[in-house]
Amino acid sequence: MLKAAPLEFVNAVGFANPPWCDMVAPAPSAGGAGSWARLMGLGSLGEQPIFTTRAHVFQIDPSTKKNWVPASKQAVTVSYFYDSTRNSYRIISVDGAKVIINSTITPNMTFTKTSQKFGQWADSRANTVFGLGFPSEQQLTKFAEKFQEVKEAAKLARDRSQEKIETSSNHSQESGRETPSSTRASSVNGTDDEKASHGGPAEAHLKSENDKLKIALAQSSSNVKKWETELQTLRESNARLTTALQESAASIEHWKKQFSACKEENDQLRSKIEELEEQCNEINKEKERNAQLSRRLQELETELQDKELELEELRKQGEIIPQLMSECESVSQQLQAAEKKNKDLEEKVRTLRTEVEESKHRQTNLKTELKNFLDVLDGKIDELHDFRQGLSKLGVDN
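Keep in mind that this is a model prediction, so the values were computed, not measured. (Residues numbered from 1 in each chain as written. Predicted model: local features only at pLDDT ≥ 70, side-chain atom pairs only at ≥ 80, totals over all residues. Heavy atoms only, no water.)

Colleague: Sorry if this is basic, but what is going on with the environment of Thr242 here?
Modeller: Relative to the assigned elements, Thr242 resides in helix 4 (residues 192-341). Thr242 gets classed as partly exposed once you look at its relative accessible area, which sits at 35%. Within polar-contact distance, the side chain of Thr242 engages the backbone oxygen of Asn238 at 2.7 Å. (Helix = DSSP H or I, 4+ residues; strand = E, 2+ residues; numbered from the N terminus. Buried < 20%, exposed > 50% of the residue type's maximum accessible area, 1.4 Å probe, protein only. Polar contact = N/O pair within 3.5 Å; in protein donor to acceptor, adjacent residues only side chain to side chain.)

Put into structure tokens, the structure is as follows:
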């Protein structure tokens, strides 16, 4: 018997958590598995599936006797089959049209769990070791429990068959002992009737065998009809599956076209979104510029109000100047009158002259100040005029 791969190697190659453990596929029904096995020529009408699961199948490398070789590219169906006519159990798995497991379970076989999701057993008849990688530890446990159950059933069937063989052998020995005595009795009598009676059991045995053959032939013909009916059903199912596959292929092409159209539309929408984002950025920049111009305009309006206040103050001061000029004229008139009246008074005249000189000096100062004030006022008015023109241009530009 071959030795199984060591546990260290199984853990090293990653069967404890292989990448295909996340790939879960539904297990076929019992009827579907039976039809599939009979279609592949693996089962008889008396052989039916009793347990079905899915797993990745491996076989031991015949050259190294240590490394595992994948027998299937993906998870395949693995089923237990029970043959009621032969009272035997088998594990069968098919990948497409290739039989990768056809192992008859015997009481001497043992299923060993080498990791959380991997198990193996040795088949001396096939001269190999099979390994199964399951998607979950629960499925591995169920398969191992079923293996032990089937192993016990196979052992019980073997014991029963041995008991039947021993019983039949004992019965044949007893009948063998009785046959010579009857033969001797017939030879002693020596009559033709006794000889005819001696040939009766042989003819009855042949007749019973003939009846059994007829029954077997009738059963085989009915089985052939069942096989033909089931084969026709499988052909129709295959035709329906082919039609469904073609329809799915056409649907896939349709969805591919729709996907490409949606992808193009998505690209167009993305380009439009990018253009809109650029326009939004430009609008935001314009808003910032407008906000800056609004703030500048408010500052200029504030400055204009200040200048208007200054101009109002200058206007008020300009209204005082005519009053001063009228006062000067009245003073000069009074001075002339005083000169005419006080010509005879020299001291008064001197005093008046001194006052006149002082008043003239004051008048000169006042005229000088008035002239300077008017010059300043003209400059302010010109500045205010220029400022208004600049403000009006700025408003036109906005």
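Here the narrative resumes.
Colleague: What should I look at first to understand unusual backbone geometry in this one?
Modeller: Outside of glycine, negative phi angles account for most residues, and trans bonds account for most peptide bonds. Even without being a glycine, Lys65 presents a positive backbone phi close to 60°. Relative to the assigned elements, Lys65 resides in the loop between strand 1 (47-60) and strand 2 (68-70). One non-glycine residue with positive phi stands out, namely Asn87, at about 60°. Following the sequence through the fold, Asn87 ends up in the loop between strand 3 (76-83) and strand 4 (88-95).

Colleague: Can you walk me through the nonpolar core in this structure?
Modeller: Nonpolar side chains in soluble globular proteins tend to be buried together. Residues Val57, Ile91, Ile101, Trp121, Leu132, Phe143 and Phe147 are the most contacted members of the largest nonpolar core, which totals 23 residues. Of all the elements in the fold, those that place two or more residues in this core are strand 1, strand 3, strand 4, strand 5 (98-104), strand 8 (128-133) and helix 3 (137-189). Ranked by residue count, the leading element in this core is helix 3, at 6 residues. Setting aside chain neighbours within four positions, we find Trp121 in contact with Ile91, Ile101, Ser103, Met109, Thr110, Phe111, Val129, Phe130, Leu132, Phe143 and Phe147. (Core = buried A, V, L, I, M, F, W, Y, C linked by side-chain atoms within 4.5 Å. Contact = heavy atoms within 4.5 Å.)

Colleague: What's the story with the layout of surface pockets in this structure? I'm lost.
Modeller: Where empty space is left in the structure can be found by rolling a water-sized probe over the atoms. By volume, the largest pocket amounts to about 310 Å³. Around the largest pocket, the lining is made up of 13 residues, and of these Ile321, Leu324, Met325, Leu366 and Leu370 lie nearest the centre. Of all the secondary-structure elements, those providing two or more residues to the lining of the largest pocket are helix 4 and helix 5 (346-397). Per-element tally for the lining of the largest pocket: the top contributor is helix 4, with 7 residues. (1 Å grid on protein atoms, 1.4 Å probe; cavity = no way out; pocket = protein on both sides within 12 Å on 5 of 7 lines; lining within 4 Å. Points joined across faces, edges and corners; volume = space filled by probe spheres on them.)

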